[in-house]
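Chain by chain, the residues:
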Amino acid sequence: MKGLFSYKVGSNYQAGSVLSGALLFFGVATVNGTGTVDVKVWNNGGTGGSPGTVLSIQPVNISSIPVDGNPVLVNFIPTIPITTDFYVGIGINYAQGDSVILFTNTNGSTNPGTSWEQWEDNTWHTYNAAYAPSNYDINVANAIFTIACQPSTVSIQEANSLSEIKLYPNPA
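All figures in this text were calculated on a predicted structure; none of them were measured in a lab. (Residues numbered from 1 in each chain as written. Predicted model: local features only at pLDDT ≥ 70, side-chain atom pairs only at ≥ 80, totals over all residues. Heavy atoms only, no water.)

### Focus: the packing of aromatic side chains
Counted under the stated rule, the structure contains three aromatic pairs. Taking the centre distance of 5.8 Å and the plane angle of 85° together, the rings of Phe25 and Phe145 count as edge-to-face. Note that Phe25 is positioned in the loop between strand 2 (18-24) and strand 3 (26-30) and Phe145 in strand 11 (residues 144-149), a separation of 120 residues in sequence. By relative accessible area, Phe25 is classed as partly exposed at 22%. For the pair Trp42 and Trp124, a centre-to-centre distance of 5.2 Å together with 75° between the ring planes defines the contact as edge-to-face. Residue Trp42 is found in strand 4 (residues 36-43), and its partner Trp124 is found in strand 10 (residues 124-126); the two are separated by 82 residues along the sequence. Accessibility classification places Trp42 together with Trp124 in one group, the buried group. (Phe/Tyr/Trp six-rings, centres within 6.5 Å; stacked < 30°, edge-to-face > 60°. Helix = DSSP H or I, 4+ residues; strand = E, 2+ residues; numbered from the N terminus. Buried < 20%, exposed > 50% of the residue type's maximum accessible area, 1.4 Å probe, protein only.)

### Observations concerning the pairing of strand 7 (residues 86-93)
Among the eight residues that make up strand 7, seven are buried, leaving the element largely enclosed by the rest of the structure. Strand direction decides the pairing type here: strand 4 and strand 7, joined by eight bridges, are antiparallel. Residue Val41 lies in a different strand from strand 7, and its bridge partner there is Val88. (Pairing = 2+ DSSP bridges.)

### Concerning the nonpolar core
Residues Leu19, Leu24, Phe26, Val39, Phe76, Val88 and Ile90 are the most contacted members of the largest nonpolar core, which totals 24 residues. Of all the secondary-structure elements, those providing two or more residues to this core are strand 2, strand 3, strand 4, strand 6 (72-81), strand 7 and strand 8 (99-102). (Core = buried A, V, L, I, M, F, W, Y, C linked by side-chain atoms within 4.5 Å.)

### Quick word on the pairing of strand 2
For strand 2, the buried fraction is high: six of the seven residues fall into the buried class. Sheet topology note: the strand 2/strand 6 ladder contains six bridges and is antiparallel. By the bridge assignment for strand 6, Gly21 is matched with Asn75. Where strand 2 lies against strand 11, six bridges are found, and the strand directions are antiparallel.

### A few points about the side chain of Asp98
In this fold, Asp98 is placed in the loop between strand 7 and strand 8. Asp98 gets classed as buried once you look at its relative accessible area, which sits at 8%. Among the polar contacts made by the side chain of Asp98, one reaches the main-chain amide nitrogen of Asn32 at a distance of 2.6 Å. Polar contacts involving the side chain of Asp98 include one to the main-chain amide nitrogen of Ala95, which spans 2.9 Å. If sequence neighbours within four positions are ignored, Asp98 has contacts with Thr30, Val31, Asn32, Gly33 and Gly35. (Polar contact = N/O pair within 3.5 Å; in protein donor to acceptor, adjacent residues only side chain to side chain. Contact = heavy atoms within 4.5 Å.)

### A few points about the sheet that holds strand 11
As summarised here, the arrangement of the three strands in space is 6-2-11, forming an open sheet in which the pairing is antiparallel. What marks the edges here is a single partner per strand, and that holds for strand 6 and strand 11. Adjacent strand axes in the sheet meet at a mean angle of 20°, parallel and antiparallel pairs treated alike. (Axes fitted to C-alpha atoms, helices over the stretch in contact; angles between N-to-C directions.)

### Concerning the environment of Pro71
Positionally, Pro71 belongs in the loop between strand 5 (54-61) and strand 6. Judged by relative accessible area, which is 28%, Pro71 ranks as partly exposed. Remark: the alpha-carbon pair of Pro71 and Leu24, spanning 47 residues in sequence, is separated by 5.2 Å. With near-sequence residues (within four places) excluded, Pro71 lies in contact with Leu23, Leu24, Phe25 and Pro66.

Read these as spatial facts, not as claims about activity.
Here it is as C-alpha cells:
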C-alpha cells in the first residue's frame with residue numbers, strides 16, 4: 001500500500017441509516033499491470049478524531065477506473081450502520097508506472113478541509129496540516145460522494161401456491 005487518502009463524512013444522516021456505497025471521481029488512472037485501488041471506510045476512532053478502524057474494503061482494478069468525468073460506483077457489502085462521523089477514501093496498491101489521481105474541489109471551497117492522508121509512520125494528517133510547514137493552505141474535499149439509505153421495513157408476503165399469482169393484463 002503506497003498511499004492512503006480519505007475524506008471525512010459528517011454523521012448528519014437520519015437515525016438508522018446505513019452506508020451502502022460511494023461515487024469516486026478520478027482524473028488519472030493508468031496502470032502497467034494489475035494495480036488496484038482499495039476503497040475503504042474507517043470509523044473516526046483514530047487520534048483526535050482521525051480515521052481509525054477499517055470498517056470495509058472494496059477493491060477496484062485501476063484499469064476499470066474511468067477518467068472521462070464518470071464516477072466509479074463502489075457498493076459496500078454488507079452495508080455499514082452510520083452511528084457517528086466516518087471516513088471514505090482510497091488505498092493505492094500500484095507498481096512502477098501506475099498513476100491514480102482522485103479529484104478534489106478547488107482549494108478554499110471547503111474550509112476547513114475534510115481531506116486526510118496517512119504517512120509512512122501510520123499517522124493521519126489533514127492536507128492542510130500536512131503541508132503547513134511549506135506555507136501551503138490546502139482546504140479541499142476529495143471527490144467522494146457517499147450513498148446512504150434507510151433500511152427498508154417493507155416486506156412482501158410470500159405466495160403459497162401458483163394459483164395466488166396473477167399477471168395482468170391478461171392476455172398479455
